[in-house]
Protein chains: 2
Amino acid sequence: MEYEQLKLENQVCFRLYTAARLTMGAYHPYLDPLGLTYPQYLVLLVLWEQDKQPVNDIAHKLLLETNTVTPLLQRMEKAGLVKRTKGKEDSRQRIVSLTKKGIEMREQAKHIPECLSADIIKNEGSVEEISQMIPTLDKLIEGLKQTEKNP
Amino acid sequence: MEYEQLKLENQVCFRLYTAARLTMGAYHPYLDPLGLTYPQYLVLLVLWEQDKQPVNDIAHKLLLETNTVTPLLQRMEKAGLVKRTKGKEDSRQRIVSLTKKGIEMREQAKHIPECLSADIIKNEGSVEEISQMIPTLDKLIEGLKQTEKNP
DNA sequence: CTAATTTATATCGTTCACGATGCAAAAGTA
DNA sequence: TACTTTTGCATCGTGAACGATATAAATTAG
């Protein structure tokens, strides 16, 4: 068959795309009550590890463009989760810091990872098997990061 | 450490999310010249396997909602790739069929899968290793599909 | 020290992705 | 047959994601 490789069934990328979407969906039961979206949750993960970071650092850690992160942070500021202040040394920078609400949310989010693990176990597929993908995904991501740069 | 599990580094989901985004980005060099986006390419994959399908079938195969697929198809119709006609038996249905342009594009897209494989090989990480994720991703997707249904 | 360049962020336009809602056709029920 | 429910698709609003472009501050070059 000449077009065998164009079959959906044979495509890893489609699976990645779908798995990522459905996974984000699996967060809904836990993030909705907190009024968070998944990308907003990711920003909080970054800030919980280290508060007071410029936009660029956050974007870099999430492998996102700043023009994605900026509106995200604006919405999070409006929601009272973070504040954005001008950098002191470099006044081009916007330093993003957690508000009291943003800090406190960590406590409420503490159990989300294990809840998700439990959900995944419940519906077939072990967490171990999924964790085994980590090194491969990391290599894939690392490779694709390079591809972006080299035309 | 109490919040160890909230570290970005320990999260499979973030890797899936990132890998999926970067992978879609890797399609750009091949899809842009054809004037296609990745989801539009996916719709074409579905239609190339079987022409003349109702919106629902396409959405179901891509695991998307119809309210995502409908505007997608409207844009593809405007681009002259598909046409949408009322179903004969069930007039609620919209049957999506390939135009001449949509059919011919298959020939131009034929080599995209191998191009992508080549790109991935080039930047570290073998295709074999990535293909090994397929069964796990399939189980994960199957599990998450169930989770959607059961509250 | 002025001019050109780079950097950090923001804005805009387009395309997904999806929950909520609407609507008309079909199917099921009384 | 009339009525209710379900189904298939569309519309609307919101939040990403990102290319292109803009702007101001910092850096570098001359």
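About the cut-offs
Residues numbered from 1 in each chain as written. Chains lettered and ligands numbered in written order. Predicted model: local features only at pLDDT ≥ 70, side-chain atom pairs only at ≥ 80, totals over all residues. Heavy atoms only, no water. Helix = DSSP H or I, 4+ residues; strand = E, 2+ residues; numbered from the N terminus. Buried < 20%, exposed > 50% of the residue type's maximum accessible area, 1.4 Å probe, protein only. Areas by Shrake-Rupley, 256 points an atom, 1.4 Å probe, with all protein chains shown as cover. Lys, Arg positive; Asp, Glu negative; His and termini not counted. Charge placed at Lys NZ, Arg CZ, Asp CG, Glu CD. Least-squares fit on C-alpha atoms with pLDDT ≥ 70 in both. Contact = heavy atoms within 4.5 Å. Salt bridge = Lys/Arg side-chain N within 4 Å of Asp/Glu carboxyl O. Near = heavy atom within 4 Å. Nonpolar A, V, L, I, M, F, W, Y, C, P; charged D, E, K, R; others polar. Buried area = accessible area lost by both parts, 1.4 Å probe. Polar contact = N/O pair within 3.5 Å; in protein donor to acceptor, adjacent residues only side chain to side chain. Pairing = 2+ DSSP bridges. Phe/Tyr/Trp six-rings, centres within 6.5 Å; stacked < 30°, edge-to-face > 60°. Lys NZ or Arg CZ within 6 Å of the ring centre and 35° of its normal.

### Observations concerning the overall build of chain A
In step 1: Each helix and strand in chain A was counted, giving eight helices and three strands.
In step 2: Taken from N to C terminus, the helices and strands of chain A fall in the order α-α-β-α-α-β-β-α-α-α-α.
In step 3: In chain A, which comprises 151 residues, the proportion classed as buried is 46%.
In step 4: Of the roughly 8,000 Å² that chain A leaves accessible, carbon and sulfur atoms contribute 51%.
In step 5: Taken together, the 21 basic and 21 acidic charged side chains of chain A have centroids lying 10 Å from each other.

### Some words on the relation of the copies chain B and chain A
In step 1: Rotating chain B by 180 degrees about the axis while translating it 0.0 Å along that axis superimposes it on chain A, leaving an RMSD of 0.0 Å. These values place the two chain copies in the arrangement generated by a two-fold rotation axis.
In step 2: The residues that chain B uses at the interface reappear at the interface of chain A in 97% of cases, marking a shared surface.

### Re the pattern of salt bridges
In step 1: According to the stated counting rule, one finds 16 salt bridges over all chains in the structure shown.
In step 2: For Arg15 of chain A, the salt bridge goes to Asp138 of chain B, with nearest N and O atoms at 2.7 Å. Taken together, the positions of Arg15 of chain A in helix H1 (residues 12-31) and Asp138 of chain B in helix H8 (residues 134-149) put the pair across two chains.
In step 3: Judged by relative accessible area, Arg15 of chain A falls into the buried class, the value being 9%.
In step 4: The class of Asp138 of chain B is partly exposed, set by a relative accessible area of 31%.

### Some remarks on the protein's contact with DNA strand D
In step 1: Residues in contact with DNA strand D amount to 25 residues; listed here are only the nearest, Thr37 of chain A together with Tyr17, Thr70, Arg84 and Arg92 of chain B.
In step 2: Elements that contribute at least two residues to the surface near DNA strand D include exactly helix H2 (38-49) and helix H4 (66-78) of chain A together with helix H1 (12-31), helix H3 (55-62) and helix H4 (66-78) of chain B.
In step 3: Counted by class, the surface near DNA strand D contains six nonpolar, 11 polar and eight charged residues.

### What to know about the interface of chain B and chain A
In step 1: Each side of the interface is counted separately: chain B has 64 residues, and chain A has 62 residues.
In step 2: Of the roughly 6,400 Å² buried at the junction of chain B and chain A (both faces included), carbon and sulfur atoms supply 68%.
In step 3: Looking at the side of chain B facing chain A, the largest losses of area belong to Tyr3, Leu6 and Tyr17 of chain B, adding up to 10% of the total buried there.
In step 4: At the surface where chain B touches chain A, the tally comes to four salt bridges.
In step 5: Inspection of the region where chain B meets chain A yields 20 residue pairs in polar contact (both at pLDDT 80 or more).
In step 6: Counting only elements with at least two residues in the side of chain B that touches chain A, the list comes to H1, helix H2 (38-49), H3, helix H5 (100-109), helix H6 (112-122), helix H7 (127-131) and H8 of chain B.
In step 7: No other element matches the 16 residues that H1 of chain B contributes to the side of chain B that touches chain A.

### Focus on the pairing of strand E3 (residues 94-98) of chain B
Residues and elements named next belong to chain B.
In step 1: Most of E3 is tucked away, with four of its five residues classed as buried.
In step 2: Here strand E2 (residues 82-86) runs beside E3; their pairing, made up of five bridges, is antiparallel. Note that in E3 the partner of Lys83 across the bridge is Ser97.

### Let's talk about the environment of Leu44 of chain A
Residues and elements named next belong to chain A.
In step 1: Note that Leu44 resides in helix H2.
In step 2: Taking the C-alpha atoms as reference, Leu44 lies 26 Å from Gln146; in sequence the two are 102 residues apart.
In step 3: Here Leu44 is in contact with Leu36, Met76, Leu98 and Met105, once residues within four sequence places are set aside.

### A word on the protein's contact with DNA strand C
In step 1: Lining the immediate environment of DNA strand C, one finds 25 residues, of which Tyr17, Arg84 and Arg92 of chain A together with Thr37 and Arg75 of chain B sit closest.
In step 2: Backbone atoms, meaning sugar and phosphate, form 74% of the atoms of DNA strand C found within 4 Å of the protein.
In step 3: The separation between a phosphate oxygen of DNA strand C and a polar side-chain atom of Gln40 of chain B is 3.1 Å.
In step 4: Mapped by element, the contributors of at least two residues to the surface near DNA strand C are H1, helix H3 (55-62) and H4 of chain A together with H2 and H4 of chain B.

### As for unusual backbone geometry
Residue and element names in this part refer to chain A.
In step 1: A positive phi angle, close to 55 degrees, is found at Leu63, a residue other than glycine.
In step 2: Turning to its location among the elements, Leu63 is positioned in the loop between H3 and H4.
In step 3: By relative accessible area, which is 21% here, Leu63 ends up partly exposed.

### A word on the packing of aromatic side chains
In step 1: Following the criterion strictly, the structure yields 10 aromatic pairs over all chains and no others.
In step 2: Here the aromatic rings of Tyr17 of chain A and Tyr38 of chain B are separated by 5.6 Å at their centres, their planes lie at 80 degrees, and the arrangement is edge-to-face. Taken together, the residues Tyr17 of chain A in helix H1 and Tyr38 of chain B in helix H2 connect one chain to another.
In step 3: On the accessibility criterion, Tyr38 of chain B (4% relative accessible area) is buried.
In step 4: An aromatic cluster of at least three residues, connected via ring pairs, comprises Phe14 and Tyr17 of chain A together with Tyr27, Tyr38 and Tyr41 of chain B.
In step 5: The ring of Tyr17 of chain B has Arg21 of chain B lying over it, and the distance from NZ or CZ to the ring centre is 5.0 Å.

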